[in-house]
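This is what each chain is made of:
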Amino acid sequence: MYQSLDLQFFAQEKTEQATPKKKRETREKGQVPKSTDVNTAFILLFVFLFLWFIGSYVAEQLFTIAQFTWQADYLLMDITSENVSTLLVEYIYQIFLILGPILLASALGGIASNYLQVGLLFAPEAVKMKLSKINPLKGAKRIFSIRAIVELLKSLLKITFVALVTFSVIWFAMDDLLALALFSVEDGMVLIGNLIVIMGLSVGFLLMLISVLDYTYQRYDHEKNIRMSKQDIKDEHKKTEGDPQIKGKMKQRQKQMATNRMMQEVPKADVVITNPTHYAIALKYDDETMEAPQIVAKGVDYVALKLKNIAKHNDVVTVENRALARALYDQTNLGDQVPEDLFKAVAEVLAYVYRIQNRL
């Protein structure tokens, strides 16, 4: 009894790698290995690399907004709904010229990071509303789970590394920052802009290194979560291939139906050639529609006996020819024509049958 319980326990233990079918189903549900650190790293790199190349354009647009704001005409303008609307539209346009390219770079970074991790995937089931997602008990379990603790430690580690990197960039530029009051406005903006871009790129490359490790862990965790037990694999195999018992019964039934159809052709045959006890082959020949005699039924042992009984009750001539019966059984299938090397022997049998039936 205990041994059977142990075997059942091990059969239910999820120790096996997920099958391709299970992986495909989980992917269709949107359950794929994915690291948010990869997204963050790509977005930071795309945005700050973009700023590295168009920094002068951004600075120019900021100066344009400043000049536009402090123009004397606008300072002396009457405050009316029409004038406020005009100013608002102009400000939105100027801000869009600055933020538009940055938002586009951010979107491209997010798309690229998701494509590298997941590929093309459309999973509407992943965004379906599920009450289990707002269950407070399950939410509390997630908050105080081992996974949550691991995520907390990862976040603290990332914050520490990011702080060290940004502090290092500021430390190396400390002399210039202390002398910032001596710089012109334009030179000061260039210095601050360069420091921001360098810090952003440094953090981006740092997160890229961390994201490789995190993605490796997420992939391992995903593979672990979708593992299957031996019983799961057996059940899936049954669903895919069909239950062996049901499949065997279906094959048996199909075989029985094929045998019944074959038996229905025996009364239409011209002759049944026998072994005489083990083999029986029914032949039919119509010189107007057939080039050679055709095998309409065949069988051994019990089936052969049944063929002979049907032939007897339907006045179909039975001829004993051991060698010919065995050769026809081995060399032909149902519906085949008689092979050329057996034409002569079969013709002699049919001639004998026709003489008996006075057909000649």
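These numbers were taken from a predicted model, which means no experiment stands behind them.

### Brief notes about the overall build of the protein chain
(1) Moving on: In terms of regular secondary structure, the protein chain is built from 14 helices and six strands.
(2) Moving on: Buried residues in the protein chain amount to 28% of all 360 residues.
(3) Moving on: In the protein chain, the share of contacts with a sequence separation of at least 24, taken over all contacts with a separation of at least 6, comes to 75%.
(4) Moving on: Of the roughly 25,100 Å² that the protein chain leaves accessible, carbon and sulfur atoms contribute 63%.

### So, the UniProt feature "transmembrane region" (unreviewed entry) in the protein chain
(1) Moving on: Here, UniProt's "transmembrane region" (unreviewed entry) annotation points to residues 38–59, 91–123, 156–174 and 194–217.
(2) Moving on: Split by type, residues 194–217 is 100% helix and 0% strand. Its first and last C-alpha atoms lie 35 Å apart.

### A look at the nonpolar core
(1) Moving on: Of all hydrophobic cores here, the largest spans 19 residues; its most connected members are Val-271, Ile-273, Leu-283, Leu-328 and Val-346.
(2) Moving on: Of all elements in the fold, only β3 (271–274), β4 (279–284), β6 (317–320), α13 (322–331) and α14 (343–356) reach the threshold of two or more residues within this core.
(3) Moving on: The element best represented in this core is α14, accounting for five residues.
(4) Moving on: When sequence neighbours within four positions are dropped, the list of residues in contact with Ile-273 reads Tyr-279, Ala-280, Ile-281, Leu-283, Val-319, Asn-321, Leu-324, Ala-325, Leu-328 and Val-349.
(5) Moving on: Core analysis: the second largest hydrophobic core is formed by 14 residues, Met-262, Met-263, Ala-304 and Leu-307 among them.

### What about the pattern of salt bridges?
(1) Moving on: As enumerated under the stated definition, the model contains four salt bridges in all.
(2) Moving on: With a shortest N-O distance of 3.9 Å, Arg-322 and Glu-320 are connected by a salt bridge.
(3) Moving on: Classification of Arg-322 by relative accessible area gives exposed; the value is 51%.
(4) Moving on: Residues Asp-330 and Arg-326 are paired through a salt bridge, measuring 3.1 Å at the closest nitrogen-oxygen approach.

### A few points about the environment of Gly-119
(1) Moving on: Turning to its location among the elements, Gly-119 is positioned in the loop between α5 (81–118) and α6 (136–143).
(2) Moving on: Setting aside anything within four residues of it in sequence, one finds Gly-119 in contact with Arg-27 and Asn-114.

### So, a nonpolar patch on the surface
(1) Moving on: Taken together, the side chains of Ile-146, Ile-149, Leu-152, Leu-153, Leu-156 and Ile-159 present a nonpolar region at the surface, about 620 Å² in accessible area.
(2) Moving on: Topologically, Leu-153 is positioned in helix α7 (residues 146–172).
(3) Moving on: Note on Leu-153: relative accessible area 53%, which makes it exposed.

### With respect to the sheet that holds β3
(1) Moving on: Reading across from one edge, β5-β4-β3-β6 is the order of the four strands in this open sheet, with mixed pairing throughout. Every interior strand has two partners, whereas the edge strands, β5 (294–300) and β6, have only one. Each strand of the sheet is rotated relative to its neighbour by a mean of 20 degrees, with strand direction disregarded.
(2) Moving on: With four bridges joining them, β3 and β6 adopt parallel strand pairing. Across the sheet, the residue bridging to Val-271 is Val-317, located in β6.
(3) Moving on: With respect to the sheet, α14 is in contact with β3, β4 and β6, its orientation differing from that of β6 by roughly 135 degrees.

### Comments concerning the packing of aromatic side chains
(1) Moving on: In the structure shown here, the tally under the stated rule is three aromatic pairs.
(2) Moving on: Ring plane angle 65 degrees and centroid distance 5.1 Å describe the contact between Tyr-279 and Tyr-329, whose orientation is recorded as edge-to-face. Of this pair, Tyr-279 sits in strand β4 while Tyr-329 sits in helix α13, and the two are 50 residues apart along the sequence.
(3) Moving on: On the basis of relative accessible area, Tyr-279 is assigned to the buried category, the value being 14%.
(4) Moving on: Its relative accessible area of 25% is what places Tyr-329 among the partly exposed residues.
(5) Moving on: Here the basic side chain of Lys-298 rests over the ring of Tyr-329, its NZ or CZ set 4.2 Å away from the ring centre.

### A closer look at the environment of Ser-168
(1) Moving on: Residue position: Ser-168 is located in helix α7.
(2) Moving on: Taking the C-alpha atoms as reference points, Ser-168 and Met-199, 31 residues apart in sequence, are found 9.1 Å from one another.

### Notes on the confidence of the model for the protein chain
(1) Moving on: Confidence in the prediction of the protein chain, expressed as mean pLDDT, is 76, and 82% of residues score 70 or more.
(2) Moving on: Below a pLDDT of 50 lies the segment residues 1–11, which in the model reaches three contacts outside its immediate sequence neighbourhood of four places, other chains included.

### Looking at the side chain of Ser-113
(1) Moving on: Here Ser-113 is to be found in helix α5.
(2) Moving on: Here Gly-110 takes part through its backbone oxygen, which lies 2.9 Å from a polar atom of the side chain of Ser-113.
(3) Moving on: Setting aside residues no more than four positions away along its own chain, Ser-113 makes contact with Val-38, Asn-39 and Phe-42.

### As for unusual backbone geometry
(1) Moving on: Even without being a glycine, Asp-301 presents a positive backbone phi close to 50 degrees.
(2) Moving on: Looking at the element boundaries, Asp-301 is found in the loop between β5 and α12 (302–313).

### Some details on the pairing of β4
(1) Moving on: For β4, the buried fraction is high: five of the six residues fall into the buried class.
(2) Moving on: Sheet topology note: the β4/β5 ladder contains six bridges and is antiparallel. Within β5, the residue paired with Ala-280 across the bridge is Gly-299.

### A look at α5
(1) Moving on: The largest bend in α5 is about 35 degrees, located at Leu-97, with the proline Pro-101 one to four residues further on.
(2) Moving on: Immediately downstream of α5, the backbone of Gly-119 shows phi near 80 degrees, a positive value.

Thresholds applied
- Residues numbered from 1 in each chain as written.
- Predicted model: local features only at pLDDT ≥ 70, side-chain atom pairs only at ≥ 80, totals over all residues.
- Heavy atoms only, no water.
- Helix = DSSP H or I, 4+ residues; strand = E, 2+ residues; numbered from the N terminus.
- Buried < 20%, exposed > 50% of the residue type's maximum accessible area, 1.4 Å probe, protein only.
- Contact = heavy atoms within 4.5 Å.
- Areas by Shrake-Rupley, 256 points an atom, 1.4 Å probe, with all protein chains shown as cover.
- UniProt positions renumbered as here; feature names shortened; annotations may be inferred.
- Core = buried A, V, L, I, M, F, W, Y, C linked by side-chain atoms within 4.5 Å.
- Salt bridge = Lys/Arg side-chain N within 4 Å of Asp/Glu carboxyl O.
- Patch = residues over 30% accessible without salt bridge, like charges linked within 9 Å, V, L, I, M, F, W, Y side chains within 5 Å.
- Pairing = 2+ DSSP bridges.
- Axes fitted to C-alpha atoms, helices over the stretch in contact; angles between N-to-C directions.
- Phe/Tyr/Trp six-rings, centres within 6.5 Å; stacked < 30°, edge-to-face > 60°.
- Lys NZ or Arg CZ within 6 Å of the ring centre and 35° of its normal.
- pLDDT = per-residue confidence, 0-100.
- Polar contact = N/O pair within 3.5 Å; in protein donor to acceptor, adjacent residues only side chain to side chain.
- Bend = angle between axes of the 7 residues up to and from the residue.

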